[in-house]
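Below are the chains, spelled out letter by letter.
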Amino acid sequence: MERCAARRAPEEERRVRANAREYNEKFQYASNCIKTSKYNIVTFLPVNLFEQFQEVANTYFLFLLILQLIPQISSLSWFTTIVPLVLVLTITAVKDATDDYFRHKSDNQVNNRQSQVLIGGVLRQEQWMNVRVGDIIKLENNQFVAADLLLLSSSEPHGLCYIETAELDGETNMKVRQAIPVTSELSDTSKLARFDGEVICEPPNNKLDKFGGTLYWKENKYPLSNQNMLLRGCVLRNTEWCFGLVVFAGPDTKLMQNSGRTKFKRTSIDRLMNTLVLWIFGFLVCMGVILAIGNAIWEHEVGVCFQIYLPWDEGVHSAFFSGFLSFWSYIIILNTVVPISLYVSVEVIRLGHSYFINWDKKMYCAKRRTPAEARTTTLNEELGQVEYIFSDKTGTLTQNIMVFSKCSVNGHSYGDVQDVLGHKAELGERPEPVDFSFNPLADPRFQFWDPSLLEAVKLGDPHVHEFFRLLSLCHTVMSEEKSEGELYYKAQSPDEGALVTAARNFGFVFRSRTPKTITVHELGRAITYQLLAILDFNNIRKRMSVIVRSPEGKIRLYCKGADTILLERLHPINQDLTNVTTDHLNEYAGEGLRTLVLAYKDLEEGYYEDWSERLHRASSAAEAREDRLARLYDEVEHDMMLLGATAIEDKLQQGVPETIAILTLANIKIWVLTGDKQETAVNIGYSCKMLTDDMTEVFVVTGHTVLEVREELRKAREKMMDASRSMGNGFSYQEKLSSSKLTSVLEAIAGEYALVINGHSLAHALEADMEVEFLETACACKAVICCRVTPLQKAQVVELVKKYKKAVTLAIGDGANDVSMIKTAHIGVGISGQEGIQAVLASDYSFSQFKFLQRLLLVHGRWSYLRMCKFLCYFFYKNFAFTMVHFWFGFFCGFSAQTVYDQYFITLYNIVYTSLPVLAMGVFDQDVPEQRSMEYPKLYEPGQLNLLFNKREFFICIAQGIYTSVLMFFIPYGVFADATRDDGAQLADYQSFAVTVATSLVIVVSVQIGLDTGFWTAINHFFIWGSLAAYFAILFAMHSDSLFQMFPNQFRFVGNAQNTLAQPTVWLTIALTTVVCIMPVVAFRFLKLDLKPELSDTVRYTQLVRKKQKTQHRCMRRVGRVGSRRSGYAFSHQEGFGELIMSGKNMRLSSLALSTFTARPSAGWIETLRKKKGSDSSTAGSPSGAADKTLKV
């Protein structure tokens, strides 16, 4: 078997000859064997260790281990480092091995699948990994496609076959593929065995929707496109059998080409921690230098006097060299300021946080049976620091369940709900829907509220008939009829499905299609149209057309597409109708509806024959085929006659306005990046409460040139600055100016602004000489909406903010067009909607509804950030308190690198005695309950400002650790200097001193973590008290007779712990040390809580006040509060997606929801409580002005 995924030179083109393995093998194409695993039994150990030692921390500890193996400089046994290092390496290796085992298992399962390969004119069963480029293979119904195949023939007429592409793009809709006519007759193995056609095509690439090639056979050439290809990963459906020629195999297939690695993302805390570790290492070197100099001086001045009974080690001939060796000894002893357990603990905590997200029932969508999923474990704490959210609109903010809502036909608008008198009905007065009972093929789920459109159909209005005829013909929908009259439409986009369903209900029923015909039942009469050409949709054309021949022989082109594209291709005679239709389009877009324009054109027979011939030549061209086709499409799609326009409704997802409003209160800026038109996007902005009527101004940038865009941005900035200067003495402006977070004066403006910018304007704004101006203007606005943007522009906008702003970005989307944005942002969130799973596969976190983002950030994200910061602060504190004792002891032991503690205590301190309590705090701690995190969004701001763990907090922790170490050493040292035992003997000996200091240390750090823990669970209690118990149990065991008898050379100090801890003086010393170490911390925190409380302190205080109220009042307040919080989340709903065009429905909040928001406790109330701490919690009903003021801060 050939080696999987062997490396080869890049191809310029691919040549494949059917049934010619010898010919194809000279090109050394990849076999169909795939390999996603990294290791095998032989390479696992060396490769995995090599990868692990690429981590700086592991290399550092390996270096320390090597130093410890040198007897002249090591005062610690090698196992104090090798035990934790081996533990870490083993845990990581087991995890990597487990992951790779499952990759091997998956690879073997796929490679050993069976396929029927035509070899020597006979079909043989072969494993997938033995399939070669150029082989002809047979597929049967419901089988996976083994490689990228050129479809040759099938059991269906005209060489059609149906496939499902869920493994490629997540879409479960069936798609049709067709063999080229010249090969569609090769239906038996004898004909296929004689087939010797040669395919020349593009090299392997990852473009799923594009393929270009040519088939050369019998001195003729035939163009090939993506419609002729079956890609690996697809499943054959509703087709008995088909034959295909292998063009790309194994790693060259488009499925494998798209399985590239996602860019590794690191959190800001990771980056800070790497910097701090370097600083600590520098500090460690400085301490080593100080102690080494001390050793050299001591040996020169004092040590020489003791050479008789305290000689230098062999090889040491001078005080200077002794100091040099002492430097390395102290590097070994003091290395515990950065223990290897730090990195293990961080990963364990992140893993726990990820499981909490996966297990959260409140982020589970019962309707779709979809839980939230943390697809990475490295970014959890960064969820608590997000400042910018970049959101797709369709399917992310909206449901993407399309409903045909309104239409404009020949200048007449249909779709307004009317009452019995014919007037436009108000909301809540909706009458009965239109009765479609006259049509036995109507979809019973379809509803329409304007009967005048159906009357126009029944009266034979020719324009209305032509309107619905276009909708029933111009599409790529597949129809499936499971029983007589029971039609099921398989549409590639929900828009198409909604339009074809509307035509169906109004009497123009798309019934079936073949590659050359479309059959439509028009008001009960079956009519078959000859399908001459399909001019397919793409993101550049933004339209699709079909050319059909009616039974009467008339050739007509039907076209539907975006208004910006189609209106400029109409015949000038349509000007008056265009004006009326444009007004209707603006009206529909203002209501948040998705719009399309419909047009037609009659073609002369002679012109069509000439155009068709040129189309065939362009399709067969070897070079610039797509450009030539585009020019021909553009030629025929001109001077069309306007029919009208459609408007499709795509409602907001449930809870979107509430979620956006709460995230905005958390000082998170939300930018919507949509491919939809400006009017629709703006209206969705108002529906989502991103844009409000209270805003000072909404700036709209629509310039078509660089100068126009620059001028519009400049005017927007001037208006904001003018308003700020006029309000310069206001509270809001001054408070903003004081913030250290600002990078520009613009961000300190008073008032609330929004920016709306179109895609063509954005293209200029993103140019290098204008991007900073655009960013300053946009960041000064509360909301930004970018319309008509491409997937690449989405990623560019995210990259721009990442480049210039020191802020964490989050991108959320549901479709393949959002993948680049999701991968570019610090955090990518995928909505598991109807558009497929590509966004989810590229994301770091996924769930099914946008409203869950609120809980992901304000609860899980905030807690993860809080826990990680508290963990790091405590971890550095306890290790500096532990390690610095050696530094002080050096001044009293002749700088001889003698350790204070015994080597077993040094080994177990970070592994056993102090590891579990800090892990419990890092996994379970909370400052306020989850309900309060949602109620008070301002609690989120410390993470954005990085207040809980930064360089300042780090130095505070280090200072506290050093302070503790000073007291930990000097108090016992001072006591032991003159202390005696009960029997009058001298108390001071090295081992008793070591036991006293170690016991004091374990008790002090245990009390400290008890003070740091804000949320006590049974696990916290068990770990803290259990660690203390384990310390004393191990201490007494190591000084016991039994261990001495088994290992007399290792455990020589029998009974030392028992004798030392039996002395009251020792316990008084431990108690004094504990009190002196802890009391300043308690006093400082008490004063800080009283004089300058944090927001979380104030929230906890309000809870204590509430608990003191009467039971009845408390219950009433709780019921009201919970009802308010949940009012926007009562029901689950269907989430959706957008594929071609993005739009939405204007859903303004009901009066009930609005009252919910005004009743929600605001940060203004919390600020009042800070100043009036003794006031009653009834101040929750603070005036709305305070809330408004806070919103602007």
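Residues numbered from 1 in each chain as written. Predicted model: local features only at pLDDT ≥ 70, side-chain atom pairs only at ≥ 80, totals over all residues. Heavy atoms only, no water.

**Q** Mind showing me how you'd approach the overall build of the protein chain here?
**A** When its secondary structure is counted, the protein chain shows 42 helices and 33 strands. Within the protein chain, the proportion of its 1193 residues that are buried is 55%. Put simply, 74% of the contacts in the protein chain that link residues at least 6 apart link residues at least 24 apart. Only carbon and sulfur atoms are counted for the fraction: they give 58% of the accessible area of the protein chain, which is about 52,000 Å². (Helix = DSSP H or I, 4+ residues; strand = E, 2+ residues; numbered from the N terminus. Buried < 20%, exposed > 50% of the residue type's maximum accessible area, 1.4 Å probe, protein only. Contact = heavy atoms within 4.5 Å. Areas by Shrake-Rupley, 256 points an atom, 1.4 Å probe, with all protein chains shown as cover.)

**Q** Mind showing me how you'd approach the pairing of strand β29 (residues 753–757) here?
**A** In regular strands, side chains alternate between the two faces of the sheet. Buried residues dominate β29, accounting for five of its five residues. Here β29 shows no split at all, with Y753, L755 and I757 on one side and A754 and V756 on the other all buried. Pairing of strand β28 (residues 697–701) with β29 involves five bridges; the strand directions are parallel. Within the sheet, the bridge partner assigned to V700 lies in β29 and is V756. Here β29 pairs with strand β30 (residues 783–786) via four bridges, running parallel. Bridged to L755 within β30 is V784. (Pairing = 2+ DSSP bridges.)

**Q** Quick question: what am I supposed to make of the nonpolar core here?
**A** Proteins that are soluble and globular tend to have nonpolar side chains buried together. With 96 residues, the main nonpolar core has F871, L872, Y901, F905, F949 and L1001 as its most contacted residues. Per element, the largest residue contribution to this core is 18 residues, and it comes from helix α27 (residues 852–890). In this structure, F949 is in contact with L272, L276, Y865, C869, L872, C873, F876 and F954, ignoring residues within four places of it in sequence. (Core = buried A, V, L, I, M, F, W, Y, C linked by side-chain atoms within 4.5 Å.)

**Q** Sorry if this is basic, but what is going on with the environment of V145 here?
**A** Here V145 is to be found in the loop between β4 (136–140) and β5 (148–154). We classify V145 as buried; its relative accessible area is 0%. In this structure the C-alpha to C-alpha distance between V145 and L231, which are 86 residues apart in sequence, comes to 6.6 Å. Residues contacting V145, with those up to four places away along its chain left out, are W128, L139, L230, L231, R232, G233 and C234.

**Q** Explain the environment of K951 here, please?
**A** As for its position among the elements, K951 is in helix α32 (residues 951–978). By relative accessible area, K951 is classed as partly exposed at 41%. Residues K951 and T275, 676 residues apart in the sequence, show an inter-C-alpha distance of 9.6 Å. Dropping the residues within four chain positions of it, K951 is found in contact with L272, L276 and W279.

**Q** Help me understand the pattern of salt bridges, please; the structure alone is not making it clear to me.
**A** If you walk through the whole model with that rule in mind, you get 53 salt bridges. Between E752 and K782 there is a salt bridge, and its shortest N-O distance comes to 3.6 Å. Pair noted here: E752 is in the loop between α21 (731–737) and β29 and K782 is in the loop between α23 (771–779) and β30, with a separation of 30 residues, a long-range link. Since its relative accessible area comes to 11%, E752 is described here as buried. The network of salt bridges with common partners includes R541, R543, E568, R569, D634 and E637. (Salt bridge = Lys/Arg side-chain N within 4 Å of Asp/Glu carboxyl O.)

**Q** Looking at this structure, how should I read helix α2 (residues 44–52)?
**A** For an α-helix the count is 3.6 residues per turn, leaving residues at separations of three or four pointing the same way. Inspection of α2 places F44, N48 and Q52 among the buried residues, and these make up the whole buried set. Projection of α2 onto a plane perpendicular to its axis shows the buried side chains occupying an angular sector of 50 degrees, all on one side. The exposed set on the far side of α2, more than 90 degrees from its buried face, consists of P46 and F50. (Arc of directions from axis to C-beta.)

**Q** Where do I start with the sheet that holds strand β2 (residues 114–119) in this structure?
**A** Here we have six strands laid out as an open sheet, ordered β3-β2-β4-β13-β5-β11, and antiparallel in their pairing. One side of each edge strand has no neighbouring strand; the edge strands of this open sheet are β3 (122–127) and β11 (229–230).

**Q** When you look at the sheet that holds strand β27 (residues 669–673) in this model, what are you seeing that I'm missing?
**A** Working definition: the strands of a sheet are paired by backbone hydrogen bonds and lie parallel or antiparallel to each other. Across the sheet, nine strands lie side by side as β14-β33-β32-β31-β15-β27-β30-β29-β28; this open sheet has mixed pairing. Pairing within the sheet leaves two strands with one partner each, and these edge strands are β14 (373–374) and β28. Pairing between strand β31 (residues 808–813) and strand β32 (residues 827–831): four bridges, direction parallel. Bridge pairing in β32 places A811 opposite G828. Along the sheet, α27 makes contact with β15 (386–391), β31, β32 and β33 (845–847), crossing β33 at roughly 140 degrees. (Axes fitted to C-alpha atoms, helices over the stretch in contact; angles between N-to-C directions.)

**Q** Is there a simple way to think about unusual backbone geometry in this case?
**A** Note: most peptide bonds trans; most residues except glycine with negative phi. Of note, N410 is a non-glycine position whose phi angle comes to about 55 degrees, a positive value. Examined against the element boundaries, N410 turns out to sit in the loop between β16 (403–409) and β17 (412–414). Judged by its relative accessible area of 38%, N410 falls in the partly exposed class. Even without being a glycine, F895 presents a positive backbone phi close to 55 degrees. By secondary structure assignment, the location of F895 is in the loop between α27 and α28 (903–913). Residue F895 is classed as buried on the basis of its relative accessible area, which comes to 10%.

**Q** Is there a simple way to explain the packing of aromatic side chains in this structure?
**A** The geometry of two aromatic rings is summed up by the distance between their centres and the angle between their planes. For the coordinates displayed, the defined rule picks out 61 aromatic pairs. Relative to F924, the ring of F356 has its centre 6.1 Å away and its plane inclined at 50 degrees; by these criteria the two rings are tilted. Pair noted here: F356 is in helix α10 (residues 341–359) and F924 is in helix α29 (residues 915–924), with a separation of 568 residues, a long-range link. Taking relative accessible area as the criterion, F356 reaches 24% and is therefore assigned partly exposed. Classification of F924 by relative accessible area gives partly exposed; the value is 23%. With a centroid separation of 6.5 Å and an interplanar angle of 15 degrees, the aromatic rings of Y388 and F390 are classed as stacked. (Phe/Tyr/Trp six-rings, centres within 6.5 Å; stacked < 30°, edge-to-face > 60°.)

**Q** Would you mind showing me how to read helix α24 (residues 791–804) here?
**A** Along its 14 residues, α24 runs 21 Å from first to last C-alpha, staying within 8% of the 20 Å computed at 1.5 Å per residue. The elements touched by buried residues of α24 are β15, β27, α22 (759–765), α23, β31 and α25 (819–824). (Expected span 1.5 Å × (residues − 1).)

**Q** Could you clarify how one ought to interpret the side chain of T253 in this entry?
**A** Relative to the helices and strands, T253 resides in the loop between β13 (241–248) and α7 (254–257). In contact with T253, not counting residues within four places along its chain, are A147, D148, R232 and F248.

**Q** Whenever I open this one, the packing of helix α18 (residues 656–665) against α27 confuses me. Can you help?
**A** Axes are the key here: two packed helices are described by the angle between their axes and the distance separating the axes. The interhelical angle for the contact between α18 and α27, taken along N-to-C directions, is 25 degrees, at an axis separation of 9 Å. With respect to α27, the axis of α18 lies roughly parallel. Like other packed secondary-structure pairs, α18 and α27 cross with a definite hand, here left-handed. Residues T659, I662 and L663 of α18 lie in contact with α27, whose contacting residues are L853, Q854, L857 and L858. For the contact of α18 with α27, the class distribution of residues is five nonpolar, two polar and no charged. (Parallel < 35°, antiparallel > 145°, perpendicular 65-115°, else oblique. Left-handed = near helix turned anticlockwise from the far one by under 90°. Nonpolar A, V, L, I, M, F, W, Y, C, P; charged D, E, K, R; others polar.)

**Q** Any chance you could explain the pairing of β4 here in plain terms?
**A** When you tally the buried positions in β4, you get four out of five residues, the bulk of the element. The pairing of β2 with β4 spans three bridges and is antiparallel. Note that in β4 the partner of Q116 across the bridge is K138. Taken together, the five bridges between β4 and β13 define a ladder with antiparallel strand orientation. Bridge pairing links K138 to F243 in β13.

**Q** What's the story with the packing of α27 against α29 in this structure? I'm lost.
**A** Remark: α27 packs on α29, axes separated minimally by 7 Å, with the N-to-C direction vectors making an angle of 160 degrees. Considered as vectors, α27 and α29 are oriented roughly antiparallel to each other. In the packing of α27 onto α29, the handedness of the crossing is right-handed. Residues R867, K870, F871, Y874 and F875 of α27 lie in contact with α29, whose contacting residues are V918, M921, G922, V923 and F924. Within the contact of α27 with α29, the residues separate by chemical class into seven nonpolar, one polar and two charged.

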